[in-house]
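Examining the three-dimensional arrangement
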Amino acid sequence: MTNPIRETDDDARKLAEDFLHSCRHAALGVMITDQQPLVTRIAFGLDLDGTPLSLISGLSAHTKALRAHPQCSLLLGEHEERGDPLSHPRLSLMARAEIMPRDTEDHDARAAHYLTQNPKAKLYLGLADFTFVRFVVQEAALNGGFGKAYQLQPSDLGL
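Scope of this entry: the structure provided in the associated data block.

Conventions we followed
Residues numbered from 1 in each chain as written. Predicted model: local features only at pLDDT ≥ 70, side-chain atom pairs only at ≥ 80, totals over all residues. Heavy atoms only, no water. Salt bridge = Lys/Arg side-chain N within 4 Å of Asp/Glu carboxyl O. Helix = DSSP H or I, 4+ residues; strand = E, 2+ residues; numbered from the N terminus. Buried < 20%, exposed > 50% of the residue type's maximum accessible area, 1.4 Å probe, protein only. Pairing = 2+ DSSP bridges. Contact = heavy atoms within 4.5 Å. Patch = residues over 30% accessible without salt bridge, like charges linked within 9 Å, V, L, I, M, F, W, Y side chains within 5 Å. Areas by Shrake-Rupley, 256 points an atom, 1.4 Å probe, with all protein chains shown as cover.

Things to note about the pattern of salt bridges
One pass over the structure, following the stated rule, counts 9 salt bridges. Where Asp156 meets Arg13, a salt bridge forms, and the shortest distance between an N and an O atom there is 2.9 Å. Within this pair, whereas Asp156 is found in the segment after β9 (149–152), its partner Arg13 is found in helix α1 (residues 10–22), the two being separated by 143 residues in sequence. Relative accessible area serves as the criterion here: at 10%, Asp156 is assigned to the buried category. On the basis of relative accessibility, which here comes to 26%, the residue Arg13 falls in the partly exposed class. Salt-bridge contacts for Arg96 lead to Glu98; the nearest nitrogen and oxygen are separated by 2.8 Å. Here Arg96 falls in the partly exposed class, since its relative accessible area comes to 29%. For Glu98, a relative accessible area of 27% gives the class partly exposed.

Here we look at the pairing of strand β2 (residues 25–31)
Judged from the 7 bridges that link them, β2 and strand β3 (residues 37–43) form a sheet pairing that is antiparallel. Across the sheet, the residue bridging to Met31 is Pro37, located in β3. What sits between β2 and β3 in their antiparallel hairpin is a turn of 5 residues.

Some thoughts on the side chain of Ser54
Tracing the backbone through its elements, the reader meets Ser54 in strand β5 (residues 52–57). Aside from chain neighbours lying at most four places away, what touches Ser54 is Ile42, Ala43, Tyr114, Thr131, Phe132, Val133 and Phe135.

Some thoughts on the pairing of β9
Residues of β9 alternate between two faces, with Tyr150 and Leu152 buried on one and Ala149 and Gln151 left unburied on the opposite face. Taken together, the 2 bridges between strand β1 (residues 5–6) and β9 define a ladder with parallel strand orientation. Pairing of Arg6 across the sheet is with Tyr150, part of β9. Bridge count between strand β8 (residues 130–143) and β9: 4 bridges; the pairing is antiparallel. In the sheet register, Ala140 faces β9, and the bridge partner there is Leu152. Hairpin connection between β8 and β9: a loop of 5 residues separates the two successive antiparallel strands, and Gly145 in this loop has a positive phi of roughly 125°.

Brief notes about a nonpolar patch on the surface
A cluster of nonpolar residues, Leu123, Tyr124 and Leu127, forms a patch on the protein surface that exposes about 290 Å² of accessible area. For Leu127, the position within the fold is in the loop between α4 (122–125) and β8. Leu127 sits in the partly exposed class, given a relative accessible area of 37%.

Written out as structure tokens, the structure reads:
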């Protein structure tokens, strides 16, 4: 069998960057114990410097899991209404979560920037248990559709 991973090219980089800039939610995969994974849907945006970002509740199981095990993954992309869902593009990000304290000096700027991407998050920003989490991408896997698989590095994503 030949290697199914294609050489990363500018078209793959552009598709991956488009996902980062257009997706407003993601599936987040975390380890809730050493043996038990959990996948949940989260809001998705980009931080001031372009790093993937979300606003999460400290009461949620996925936040508790990220505090214990910061290694995680995100899946971006939704299948279209028609056609085979497995043929539609998607981007997986393997990352390390950094939970941001609310008292950082750039919190207000981060919050204002995040609201431009996720205006409905305004309600959650006022709740004391919500905080931002940055996802520092370590590598990525792009499936651009059938027969279009790529391995990407953070630099391929503009990070």
